[in-house]
Amino acid sequence: MDNNKLLTRRNTLKLCLPALVGMGTAIGANFIGELEPTLALDNPKRSSSLSGNKSLKERAAAKGIIFGSAVRYNDLTSSPGYAKLIARECGILVPEWELKWVCGDKALRPNARDFDFKPADWIADFGRKNKILLRGHTLVWHDSLPKWFEEQANAKNAELLLRTHIKTVMGHYAGKVHSWDVVNEALGWWDRRPDGLRNTPWLKFLGKDYIDLSFRLAAEADPNALLTYNEFGLDYNTPEDEAKRQAVLKLLRYLKSKGTPIHALGIQAHLSAEISTFSQQKFRKFLGEVASLGLKIMITELDVADNKLPLDLRKRDRTVARVYEDYLSAALDEKAVIMVTTWGLSDRYTWLSEFAPRKDRAAVRPLPFDRNLQPKLAWNAIARAFDRAPKR
Ligand code: G3I
C-alpha cells in the first residue's frame, strides 16, 4: 500500500469521525429492539441463496468494508492453490505467527538484539504483488514471548525492550501497514484488579500505563497506520462476556481521556457454534457504545468452532453458517465496523484443529473453505452478510 493512500485513510478517519459518531449512535438506536436476541442453531429451511459469483473481497469492498484472513508463511509457500485462493478472496492479510515475538517455527525476535523479518517480509511482498493490504499482529502481548524475554526482561529494561521492539518492527513496515494490533488481550477480570487489567509481564514491569505508552510509541513509529486494541470474549450474552465488554469500554474511555492515539477496537470473534446465548441486541449496543467513542471497529479473528456439534457434516456446516450470518449481520449494521478478517480461510490450516479438536477425531470445519479449498455454506453466509450490509 503506497504512502499517500495510507495518509488519505488516516486523515479521512480523523476528518469524518465526528460525523460517523453521530450516525453510529443514530443507527444503533434505530437498530436496537428490532431483532430476535438469539442465534438460530440448525435450521434446514433457512435460505443460503446468493446472487453473482463475486469474491468475499469484492462483496465487502462494495460496501466499503475490507475482508481478509490470517495467513501463515508455511501454508502460503507450501500450497500454490491456497496462495491463489487467498489472493482471490482477501483484501487484507494478517500474519498469524510471523510478527509475533516468537510463534511456531518462526522467531521475529530470536534474541534480545536481533530481528528476523524474512517470513513477514515474504507475506508483505505477497500482499504487495497481489494488491492486498497488510495488518500487523501483535506488538504487545503476554503470549508468544521468547524464552530469553522470560529470562532477561525486568522492571529496569522492560521499557527499553518495548521501545526498541515497537520502533524497529513498525519502522520496518512504516507506510506499508493498514493497521496494527498494538496491544492484545490486556484485560482479565479473573485477575480481580479494579481496572480489569490482566496480570501480564508488561503490567508487572511497567504499570497500567504500558498500554498508553505502547500506543504513543506506535503512533511515532508509523503515523499512517490505524492503531488497534485487540480483545477476545466480547460476543455472547453471558456474565463473563458482559464483564469483558464493560472492562473494554472502561479501558477505551480511560485511554481516550488521556489522549492516547488509539483508532480502533479489534474484536477477535472466536465463536463457538454450540453456544446459543448470542444477543444481537446486546452486541449491537456494545458496538454502538464503542463507535460513540469515535473509534473504528475491526472483527479481527473470526472463526466458528464446531468441535462441540454432532458429527453430521451437513448439520455442522449449516449451524456454523448460521452463526457466521447472524453474527455478521449484527456487526456489519454498525458502520464503524470497517474490516472483517477470519482466522484462516480454509479448514486445512485452522488453529482449531490443534486447539479445539473434536472428540470423535473428525476434521473440524470452522472456516469458509474446506480442506480441499472448496467454498462451504459458511462462505455463503459471509457473502450474504456483506451483500446485505449497509454501505460505509
Ligand atoms: O509448530 C510447533 C511445533 O513444532 C512445536 O513442537 C510445538 C511446541 O512448542 O509448537 C508448535 O507451534 C505452535 C503453533 O501454534 C502451531 O501449532 C506454537 O507453540 C503455538 O504457540 C502456536 O499457537 C498460536 C497462538 O496464537 C499463540 O501464538 C496459534 O497458531 C494462533 O492461531 C494463535 O492465534 C491467537 C492470536 O494470535 C491472538 N488471539 C487468539 C488466537 C488464538 O489463540
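Preceding this section is the structure that the text describes.
Residues numbered from 1 in each chain as written. Predicted model: local features only at pLDDT ≥ 70, side-chain atom pairs only at ≥ 80, totals over all residues. Heavy atoms only, no water.

A. Region of the structure containing the pairing of strand 3 (residues 133–140). Burial of strand 3 is extensive: eight of the eight residues sit out of reach of the surface. The pairing of strand 2 (residues 92–95) with strand 3 spans two bridges and is classified as parallel. If you follow Leu-93 over to strand 3, its bridge partner there is Leu-134. (Buried < 20%, exposed > 50% of the residue type's maximum accessible area, 1.4 Å probe, protein only. Helix = DSSP H or I, 4+ residues; strand = E, 2+ residues; numbered from the N terminus. Pairing = 2+ DSSP bridges.)

B. Focus on the site of the ligand. Around the ligand, the surrounding shell holds 17 residues, and the nearest of these are Glu-96, Lys-100, Ser-144, Glu-301 and Glu-354. Side-chain polar atom of Glu-354 to an oxygen atom of the ligand: 2.4 Å apart, as the coordinates give it. Isolated, the ligand exposes 790 Å² of accessible area, and the fraction of that covered by the protein chains is 62%. When grouped by side-chain class, the residues that make up the shell around the ligand number six nonpolar, six polar and five charged. (Near = heavy atom within 4 Å. Polar contact = N/O pair within 3.5 Å; in protein donor to acceptor, adjacent residues only side chain to side chain. Areas by Shrake-Rupley, 256 points an atom, 1.4 Å probe, with all protein chains shown as cover. Nonpolar A, V, L, I, M, F, W, Y, C, P; charged D, E, K, R; others polar.)

C. Representation of the nonpolar core within the structure. Counting residues in hydrophobic clusters, the biggest one holds 109 residues, and the most contacted among them are Trp-180, Tyr-229, Ile-267 and Tyr-327. The next biggest cluster of nonpolar side chains, apart from the first, holds eight residues, and it includes Leu-133, Leu-226, Ile-338 and Met-339. (Core = buried A, V, L, I, M, F, W, Y, C linked by side-chain atoms within 4.5 Å.)

D. Looking closely at unusual backbone geometry. Look at the link from His-137 to Thr-138: it is a cis peptide, with omega at -10°. With respect to the element layout, Thr-138 can be found in strand 3. Even without a glycine there, the phi angle at Lys-131 is positive, about 55°. When you line up the elements, Lys-131 lands in the loop between helix 5 (118–129) and strand 3. By relative accessible area, Lys-131 is classed as exposed at 75%. Unusually for a residue other than glycine, Glu-185 sits at a positive phi of about 55°. Relative to the elements of secondary structure, Glu-185 occurs in the loop between strand 4 (179–184) and helix 8 (201–206). Exposure remark for Glu-185: the relative accessible area of 9% places this residue in the buried category.

E. Representation of the packing of helix 10 (residues 239–258) against helix 11 (residues 280–291) in the model. Following both chains from N to C, one finds helix 10 and helix 11 inclined at 10°, their axes separated by 11 Å at the closest point. By the angle between their directions, the pair helix 10 and helix 11 is classed as roughly parallel. Here Glu-242, Arg-245, Val-248, Leu-249 and Leu-252 of helix 10 lie close against helix 11, whose contacting residues are Lys-282, Phe-286, Glu-289 and Val-290. Looking at the contact of helix 10 with helix 11, its residues break down into five nonpolar, no polar and four charged. (Axes fitted to C-alpha atoms, helices over the stretch in contact; angles between N-to-C directions. Parallel < 35°, antiparallel > 145°, perpendicular 65-115°, else oblique. Contact = heavy atoms within 4.5 Å.)

F. Just helix 11, in detail. Taking 1.5 Å of rise per residue, the 12 residues of helix 11 would be expected to cover 16 Å, and the 16 Å separating its terminal C-alpha atoms lies within 8% of that figure. Those residues of helix 11 that fall on the buried side of the exposure criterion are Gln-280, Phe-283, Arg-284, Phe-286, Leu-287, Gly-288, Val-290 and Ala-291. (Expected span 1.5 Å × (residues − 1).)

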